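Structural features, examined
What follows is each chain in one-letter form.
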Amino acid sequence: MNGNQDSESQADEQLAPEIPTNVIVPGAPIEKKNPLGREVTLLSAAMLNMGQIMGSGIYAVPGTILNSVGSIGLLLLYWIIAPVFAFAGLQLYTELASMFPHRSGAEVVYLEQAYPRPRFLVSSAFAVTAVLMSFSASNAIVFAQYFLTAFEIPVTPYTQTTTAVTVVFITVGSVALSTRWSLRAVNVLTTAKIASLVFMVLTGLAVLSGLTHIKDPFSNFRNPFEGSSSSPNALATAMVKANHAFIGWHNAFNVLGEVKGRNPVKTVRKAGILSLSLVTILFLLINVAYIAAVPREEIRNSGQLVAAIFFRKVFGRTVGTKVFPLLVACSCFGNIIAVTIGQARIIREVARQGLLPYPSFFSSTKPFGTPIGPVGLKGFLTLLVILAVPAKDAFNFVLDLASYPHLVFQCAMSVGVWILRKRRAVHDLPPTTFTAPNKFVGTYLMSCVFLLVIPWVPPEPGHGDVSFWYATYCVAGLGLILCCGIYYWLWIIALPKLGGYEIVEEVEELPDGARNTRLVRRYKAASPEQEPLIAQQ
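Parameters at a glance
- Residues numbered from 1 in each chain as written.
- Predicted model: local features only at pLDDT ≥ 70, side-chain atom pairs only at ≥ 80, totals over all residues.
- Heavy atoms only, no water.
- Helix = DSSP H or I, 4+ residues; strand = E, 2+ residues; numbered from the N terminus.
- Buried < 20%, exposed > 50% of the residue type's maximum accessible area, 1.4 Å probe, protein only.
- Contact = heavy atoms within 4.5 Å.
- Pairing = 2+ DSSP bridges.
- Phe/Tyr/Trp six-rings, centres within 6.5 Å; stacked < 30°, edge-to-face > 60°.
- Polar contact = N/O pair within 3.5 Å; in protein donor to acceptor, adjacent residues only side chain to side chain.
- pLDDT = per-residue confidence, 0-100.
- Expected span 1.5 Å × (residues − 1).
- Axes fitted to C-alpha atoms, helices over the stretch in contact; angles between N-to-C directions.
- Parallel < 35°, antiparallel > 145°, perpendicular 65-115°, else oblique.
- Left-handed = near helix turned anticlockwise from the far one by under 90°.
- Nonpolar A, V, L, I, M, F, W, Y, C, P; charged D, E, K, R; others polar.
- Patch = residues over 30% accessible without salt bridge, like charges linked within 9 Å, V, L, I, M, F, W, Y side chains within 5 Å.
- Areas by Shrake-Rupley, 256 points an atom, 1.4 Å probe, with all protein chains shown as cover.
- Salt bridge = Lys/Arg side-chain N within 4 Å of Asp/Glu carboxyl O.
- Core = buried A, V, L, I, M, F, W, Y, C linked by side-chain atoms within 4.5 Å.

Looking now at the overall build of the protein. Across its full length, the protein carries 18 helices and three strands. When burial is assessed residue by residue, the protein has 57% of its 537 residues classed as buried. At a minimum sequence separation of 6, the contacts of the protein that also span at least 24 residues come to 79%.

Dropping the structure here:
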């Protein structure tokens, strides 16, 4: 046991080299020995990515995409374009990770280091949005619906809520108890999900080969671009949905500080390439399977049920209503675990910046060597959303709302990599090991800008994403960021000026080796006493 601890300590020291303090800006203090340990391998990193990507997206969004774009040709084209942007984003994340290879949390770290001024502004804005949007309610509710359907249990508000709450306790609880065993669970469940998607692809090939009772499986492929929409709003909305289906390609970057080996960035980069390549091929072929078996208008009007219709068309009501629900439930179960592992690290890094109340509690890994505080917070937020009765537009609106602030920060990160490069050059530091070509950074930035601007254009009649005003989620997303700005002004500027104090940072050392920043008030009077700001002892 001591030998293992010594080897882990040596690995931590190798992965946290001394970097000039005038290059790294103030923020969460560096932990030379990661209190979360190093349990992440290449396999588990790839599985973490695929475990999040292979959620309910591939089963739910093809119908809504077709309803927006109008044609089969554009539907398939979107499943090619979306991963191209994801691969460009992977290059960006890899370069940023190579600048800070010792820290988990991904966006938390990159934004903190790229935008240190005004102090706390960007970090606090991202912290609020990241924490508030960290729930997994949609996958828990989808799990409940399909799990109950598979066992022929009536889906009532009571049974759905009870099942959803239960699965949250099981999945979130497993992550809180053990990182090693939750990673193993992700590996097993993701392997099962890959097998189920391969089965769907083979089923589609059987349909195209005429081995099923589907008549004329090529009918939807004739005149593939007939009915294509030219509405910028509809096209942008469809891209949001396609991007949603690939969310998770960067999940392993959230656990970068826990990756085994001397070159964690290379491991995570390789995991991103492997997972994105496999998922891109499977998702495209599954859409081909949908198109071969289900008439175009049924796909368009299917909402989030296109995969259920596919199974029913091919296998009939008996098998289709038994097998498919279990496949979706399995995907959602694994997705919740994979997402919780990654997002818990984001929340922990936010706490280590001192931007959460009780930062030492949320930074600590006691008693199980896991980020139990962040895991519990994510579980609590998920339960709150589940217990709020969703409206018929909840799926699309929540998806869009969560994506809009995220796109703002993705733009900031794309520009931030150039800021960080310039800062390194000023201090005569060589380029990082992995440098993203500017064409990839620019492509990713332009895709984010496009998705921020185009949704403001009114959609064509019948192609709206929700039943209320089409740009509601844009206003709500910007409103959330604006509220963060108002809070920042009150917290950092107005109240300190009125109260005669300034906010300073102190570093706390915890018994488990964790380190976090604690924000305190330092009054400008003669008294040197400091009072806790949002940290409580």
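On to the pairing of strand E1 (residues 501–509). Relative to strand E2 (residues 515–523), E1 runs antiparallel, the two being bridged by nine bridges. The partner of Glu 506 across the bridge, within E2, is Arg 518. Joining the antiparallel neighbours E1 and E2 is a turn of five residues, in which Gly 513 adopts a positive phi near 95°.

In this structure the tally under the stated criterion is 20 aromatic pairs. When the ring of Trp 79 is compared with that of Phe 246, the centres are 6.0 Å apart and the planes differ by 50°; the resulting orientation is tilted. One end of the pair, Trp 79, is in helix H4 (residues 72–99); the other, Phe 246, is in the loop between helix H10 (232–245) and helix H11 (264–293), with 167 residues separating them in the sequence. Residue class for Phe 246 comes out buried when judged on its relative accessible area of 1%. Ring centres of Tyr 290 and Phe 310 lie 5.6 Å apart, and the angle between their planes is 70°; on these two criteria the pair is classed as edge-to-face.

Before going further, it helps to spend a moment on the side chain of Thr 171. With respect to the secondary-structure elements, Thr 171 resides in helix H8 (residues 157–177). Its relative accessible area of 0% is what places Thr 171 among the buried residues. From its side chain, Thr 171 meets the backbone oxygen of Val 167 in a polar contact 2.7 Å long. Beyond its immediate sequence surroundings of up to four residues, Thr 171 is in contact with Phe 333, Ile 336 and Ile 337.

Quick look at unusual backbone geometry now. Following Arg 117, the chain continues into Pro 118 via a peptide bond in cis, with omega recorded as -10°. Structurally, Pro 118 can be placed in the loop between helix H5 (107–114) and helix H6 (121–132). Of the consecutive residues Lys 366 and Pro 367, the connecting peptide bond is found in the cis state with omega at 0°. Looking at where Pro 367 falls in the secondary structure, it is placed in the loop between helix H14 (359–363) and helix H15 (372–387). Notably, Phe 120 is not glycine yet its phi reads approximately 75°, a positive angle. In this structure, Phe 120 sits in the loop between H5 and H6. Even without being a glycine, Asp 428 presents a positive backbone phi close to 60°. The class of Asp 428 is exposed, set by a relative accessible area of 70%.

Attention shifts here to the confidence of the model for the protein. Low pLDDT means the predicted atomic positions in that stretch should not be read closely. Across the protein, the average pLDDT comes to 84, with 87% of residues at or above 70. Considering only residues more than four positions removed or in separate chains, one finds that residues 1–22, a stretch of pLDDT under 50, has 23 contacts.

Moving on: helix H2 (residues 42–53). Between its first and last C-alpha atoms H2 spans 17 Å; for twelve residues at 1.5 Å apiece the expected length is 16 Å, and the two agree. Counting buried residues in H2 gives ten out of twelve residues, a clear majority hidden from the surface. Restricting attention to buried positions, one finds in H2 the residues Ser 44, Ala 45, Ala 46, Met 47, Leu 48, Asn 49, Met 50, Gly 51, Gln 52 and Ile 53.

With that settled, the discussion passes to the packing of H6 against helix H18 (residues 472–499). Look at H6 against H18: their axes get within 9 Å of each other, and the N-to-C directions meet at 130°. Here H18 runs oblique to H6, going by the angle between their axes. Regarding H6 and H18, the two cross each other, and that crossing is right-handed. Mapping the contact onto sequence places Leu 121, Ser 124, Ala 125, Val 128, Thr 129 and Leu 132 in H6 and Leu 480, Cys 484, Tyr 488 and Trp 491 in H18. In terms of residue class, the contact of H6 with H18 is built from eight nonpolar, two polar and no charged.

Before going further, it helps to spend a moment on a nonpolar patch on the surface. Taken together, Leu 482, Ile 486, Trp 489, Leu 490, Ile 493, Leu 495 and Leu 498 make up a surface patch of nonpolar side chains, about 730 Å² in accessible area. Note on placement: Leu 482 falls in helix H18.

On to the packing of H2 against helix H9 (residues 179–208), then. The description of two helices packed together rests on the angle between their axes and the distance between the axes. The contact between H2 and H9 brings their axes to 9 Å, and the two run at 60°. Considering their axes alone, H2 and H9 lie oblique with respect to each other. Relative to H9, the crossing made by H2 is left-handed. Contacts between H2 and H9 involve Leu 43, Ser 44, Met 47, Leu 48, Met 50 and Gly 51 from the first element and Leu 183, Val 186, Asn 187, Thr 190, Thr 191, Lys 193 and Ile 194 from the second. In terms of residue class, the contact of H2 with H9 is built from seven nonpolar, five polar and one charged.

Membership of the largest hydrophobic core comes to 154 residues, with the highest contact counts inside it found for Tyr 59, Trp 79, Tyr 110, Leu 197, Phe 283, Tyr 290 and Phe 310. Among the elements that line this core, the one with the most residues is helix H13 (residues 306–352), at 22 residues. Every residue in contact with Leu 197, bar those within four places of it in the chain, is listed here: Met 54, Ile 58, Tyr 59, Leu 282, Phe 283 and Ile 286.

Following the criterion strictly, the structure yields 16 salt bridges and no others. Across the pair Arg 345 and Glu 258 runs a salt bridge whose closest N-O atoms are separated by 2.7 Å. Here Arg 345, found in helix H13, pairs with Glu 258, found in the loop between H10 and H11; they are 87 residues apart in sequence, far enough to count as distant. On the basis of relative accessible area, Arg 345 is assigned to the buried category, the value being 2%. The residue Glu 502 makes a salt bridge to Arg 522 at a minimum N-O spacing of 2.8 Å. On the criterion of sequence distance, the pair formed by Glu 502 in strand E1 and Arg 522 in strand E2 is long-range, its members being 20 residues apart. Salt bridges here are not isolated pairs; linked through shared partners, they connect Glu 31, Arg 103, Glu 112, Arg 348, Glu 349 and Arg 352.

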